[in-house]
Each structure stands twice: as structure tokens, then as C-alpha cells.
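Take a look at the letters that make up each chain.
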Amino acid sequence: MSDTTQDGALATSKSPSDDAGLSPAELARKYGLSVSGARPGLAEYVRQLWDRRHFIIAFSRAKLVAQYSQAKLGQIWQVATPLLNALVYYLIFGLILDAGRGIDKDAYIPFLVIGVFVFTFTQSSLMAGVRAIPGNIGLVRALHFPRASLPISFSLQQLQQLLFSMIVVFVVTIAFGNYPSASWLLVIPALILQFAFNTGLALVFGRMGSKTPDLAQLMPFVTRTWMYASGVMFSISEMLKDKPAWIADVLQWNPAAIYMDLIRFALIDSYGRENLPPHVWAFAVGWAVLIGLGGFVYFWKAEERYGRG
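Residue numbering note: each chain is counted from 1, following its sequence as written. Owing to the predicted nature of the model, reporting of local features is limited to residues with pLDDT of at least 70; listing and counting of side-chain atom pairs is limited to 80 or more, with chain, interface and lining totals taken over all residues. Only heavy atoms go into the side-chain values, all of them from the structure, while hydrogens and water stay out.

J.: Before we go on, may I ask you to explain the packing of helix H5 (residues 105-131) against helix H9 (residues 215-228) in this structure?
T.: Angle between the axes and distance between the axes: these two values describe a pair of packed helices. Helix axes are fitted only over the stretch in contact, all axes being lines through C-alpha atoms; the angle between N-to-C directions runs from 0 to 180 degrees. For helices the rule is a DSSP run of H or I covering at least 4 residues; for strands it is a run of E covering at least 2, with both sets numbered from the N terminus onward. Interhelical geometry of H5 versus H9 gives an angle of 165° and a closest axis separation of 10 Å. Viewed along their axes, H5 and H9 adopt a mutual orientation that is roughly antiparallel. Taken as a pair, H5 and H9 cross one another with a handedness that is right-handed. Two secondary-structure elements touch here, H5 through Phe119, Thr122, Gln123, Leu126, Met127, Val130 and Arg131 and H9 through Leu215, Ala216, Met219, Pro220, Thr223, Trp226 and Met227. Each residue is assigned to one class: nonpolar for Ala, Val, Leu, Ile, Met, Phe, Trp, Tyr, Cys and Pro, charged for Asp, Glu, Lys and Arg, and polar for all the others, Gly among them. Here the residues of the contact of H5 with H9 sort into ten nonpolar, three polar and one charged. Under this scheme an angle from 65 to 115 degrees is roughly perpendicular, one under 35 degrees roughly parallel, and one over 145 degrees roughly antiparallel; angles in between are oblique. Helix crossings fall into two classes, left-handed where the near helix is turned counterclockwise from the far one by less than a right angle and right-handed where it is turned clockwise. Contacts: residue pairs with any heavy atoms within 4.5 Å of one another.

J.: I keep staring at helix H13 (residues 280-300) and nothing clicks. Help me out?
T.: Since the α-helix packs 3.6 residues into each turn, any two residues three or four apart lie on the same face. Expected helix span is computed as 1.5 Å times (number of residues minus one). Over its 21 residues, H13 extends 30 Å from the first C-alpha to the last, a length consistent with the 30 Å expected when each residue adds 1.5 Å. Throughout, exposure labels follow a simple rule: accessible area from a 1.4 Å probe, protein chains only, divided by the maximum for the residue type, with under 20% read as buried, over 50% as exposed, and the rest as partly exposed. Taken together, the buried positions of H13 are Val280, Ala284, Ala288, Ile291, Gly292, Gly295, Phe296, Phe299 and Trp300. Relative to the axis of H13, the buried residues are bounded by an arc of 150° and lie together on one face. Those residues of H13 that are exposed and aimed more than 90 degrees away from the buried face are Ala282, Leu290 and Leu293. The directions considered for the arc run from the helix axis to the C-beta atoms.

J.: For this particular structure, what's the right way to read the packing of helix H7 (residues 149-175) against helix H8 (residues 187-211)?
T.: Contact geometry of H7 with H8 gives a least axis separation of 9 Å together with a crossing angle of 150°. Judged by the sense of rotation from one axis to the other, the crossing of H7 with H8 is right-handed. Across from Pro151, Ile152, Ser155, Leu156, Leu159, Leu162, Leu163 and Met166 in H7, the residues of H8 making contact are Val187, Leu191, Phe195, Asn198, Thr199, Ala202 and Leu203. Tallied by class, residues from the contact of H7 with H8 come to twelve nonpolar, three polar and no charged.

J.: Would you mind showing me how to read unusual backbone geometry here?
T.: Keep in mind that most residues, glycine aside, have a negative phi and that most peptide bonds are trans. Look at His279: it is not a glycine, yet its phi comes out positive at around 55°. Note on placement: His279 falls in the loop between helix H12 (255-267) and H13. Under the relative-accessibility criterion, His279 is labelled exposed at 62%.

J.: Even after reading the chapter, I still don't get empty space enclosed by the protein, so can you show me in this structure?
T.: Rolled over the atoms, a probe as big as a water molecule pinpoints where empty space is left. Points on a 1 Å grid, built from protein atoms alone, make a cavity when a 1.4 Å probe fits but cannot get out and make a pocket when they are open with protein on both sides within 12 Å along at least 5 of 7 lines; residues with an atom within 4 Å of a point are the lining residues. Grid points are joined across faces, edges and corners, and a volume is the space filled by probe spheres set on the points. Tallied over the full model, the rule gives one cavity of 30 Å³ or more. What lines the largest cavity is a set of 13 residues, among which Ser235, Ile236, Gln252, Asp261 and Tyr271 lie closest to the centre. Breaking the lining of the largest cavity down by element, the ones donating at least two residues are helix H10 (236-239) and H12. In terms of residue count, the dominant contributor to the lining of the largest cavity is H12 (three residues). Among the residues forming the lining of the largest cavity, the class breakdown is five nonpolar, six polar and two charged.

J.: Help me understand a positive patch on the surface, please; the structure alone is not making it clear to me.
T.: Patch definition: residues with relative accessible area over 30% and no salt bridge; like charges joined within 9 Å; nonpolar side chains (Val, Leu, Ile, Met, Phe, Trp, Tyr) joined within 5 Å. For every accessible area listed, the method is Shrake-Rupley and the probe measures 1.4 Å; residues are considered covered only by the protein chains on display. Within this document, salt bridges are pairs made up of a side-chain nitrogen of Lys or Arg and a carboxyl oxygen of Asp or Glu, the two lying within 4 Å of each other. Lys and Arg are tallied as positive, Asp and Glu as negative. Neither His nor the chain termini are counted. Lysine's charge is taken at NZ, arginine's at CZ, aspartate's at CG and glutamate's at CD. There is a patch of like positive charges on the surface, built from Arg39, Lys211, Lys301 and Arg305. Of note, Lys211 is situated in helix H8. On the accessibility criterion, Lys211 (73% relative accessible area) is exposed.

J.: I tried to follow the pattern of salt bridges on my own but got confused; where do I start?
T.: Side chains that carry opposite charge are capable of pairing whenever their charged atoms lie near each other. A full pass over the atoms with the stated rule returns four salt bridges. For Glu44, the salt bridge goes to Arg47, with nearest N and O atoms at 2.5 Å. Here the residue Glu44 and the residue Arg47 both occupy positions in helix H2 (residues 42-51), the gap between them amounting to three residues, near one helical turn. On the accessibility criterion, Glu44 (31% relative accessible area) is partly exposed. A salt bridge links Asp51 to Arg47; the shortest N-O distance between them is 2.5 Å. With Asp51 and Arg47 both in helix H2 and four residues apart, this pair spans about one turn of that helix. Classification of Asp51 by relative accessible area gives partly exposed; the value is 41%. On the accessibility criterion, Arg47 (41% relative accessible area) is partly exposed. Linked through salt bridges whose partners overlap, the residues forming this network are Glu44, Arg47 and Asp51.

So, in C-alpha cells, the structure goes:
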């Protein structure tokens, strides 16, 4: 096939027959085409997330403010909800079932309040992760951005909520005779590790929830079982002292129990090392690295499938 140029010379152009027999992949390479929405490499994906760090922070703050915007008490519910849960658990488990045995009487209420607030941090991050993609499907389909921004943002939202609530935890702890000391600084690394773990958990369930939205209906039953198995309302070692030792070990080494115990150890004077499982900090770091990094890679591998179908 030929065309005449302005100066009368003949210019030849390739005939469509030149592409005959080429596979779609070969045609894409030939003309420099790429798949729309293709998953970037892991390093590039991390760079894209860093570039959108301001969006992640702003989105988490906006969600936090909007969470209770329709309630008259507004942000007070951030603290009131776990406090009311702690009160209910105290009436049932502390007074009626005597679940506080093995724990100093004056330490039980701080023990329970810390357990409820810290476990709620993990529980809320998981639930937010499950709904991250289905709950923001319009945003996912309309804009191009790293989808991991959503579960990370929701986990950051829960961290901000916990930090606000920690004021109440400190007040309750002091009210029962536990005054600030150097050990309180251990709360910082414990919360950093728990945040890394929670973020990885939100990413894992973010991918699962994007494929199976009904998972959000099942998770409350899973998290409730997890709560009862993590010693939120009782001492695992004391409650299971008549059972085989491996049962208590398994429950104490589960990540929710580990992060609760570390913060209890930091804030409650009578909650000593004897209440912690062996190598507790090693397990805390291990869970954070395993679930944090593993969850990130697991979520990234399905990047191109979010919002499709």
C-alpha cells in the first residue's frame, strides 16, 4: 500500500497483512501497548503508595470524623462504646462468673478495660478491611490508585481512634493505683507492632472480602470467638490451669492475646512477667512481620482484579 506525499514522492505504509499471525502479546510488544490497570512490580507499588501517603492520611481522618457524624454525642462514642462493652463484661464475667480470679482485685478493671480497647483495635481493623473494597467500589472503579491505600487507611483510622481512647485507659489505670513509670513507654512499641499486624490483617481480609462480600456477615462470629479465646475478660493461664498446658500456650501465643498482655504488663504494676508467655516480644515482632508483610504481598498479587466483575 502506498501514499503520495506533498512533494509527489511515494511513501509506503505497512499493510494490515503484516500483522497476520501475530499473537495478542506479540502485537502489544510490537506497538508498545500495555494492559490497562496491570499490576505494577512490588517496589513500584510501594513507591506509588508512598506518593499517595497524604491521601491515605486525609482519607482516614475524614472517615473517622464521618463515622459518628449522625450521632448527637459525635466522637464521644469512640470512647463510650468500648467503655460500655467493658461495663457489660465486668457485670457478667467479673461479678457473676468471677472471671477475675488469679488477678489482683484492684487490677481487674484496668485489666478488663485494656483488653476491651486493645482487642477492639484489632477487631475493627479486620472488619474495616473486609469492607474496604466492596464499600468503596465506586471509588475503586472511577480512579486509578494503589488499592492497598484503602485497607491501610482504614487501619490507620482505627489507630487514631485507639490513641484517642487511650486517654480513658490511662485515667482508669491511674484511678486504680497504677501510676506512670518508665514501663509505660513499652506501650509505644507494642502499639506499633499491633498496628503493623492489624494492617496486614486488613489487607488479607480486604482481598478476601473483595471476592466474597458475604464474608462481612460471617466475621462478627469469628471475631467474637477470637475475643473469648484471647483472654479479654480473664487470665488464660489461671482459667486453664487444670487443662493440658499446650492449650493455654496456644491461646497465649495468639497475636491478640500477646498485644493485650504487653500493654497490660506496661501499665498495670501487679501484672508481672509471670503473666506473660515466654519470648513474648519475639512473638509480637514475628506476628507483625509475618502478617504485615505477608498480608501486603497477598493483597498486591490481586491488584489488577479489584473492582472488576
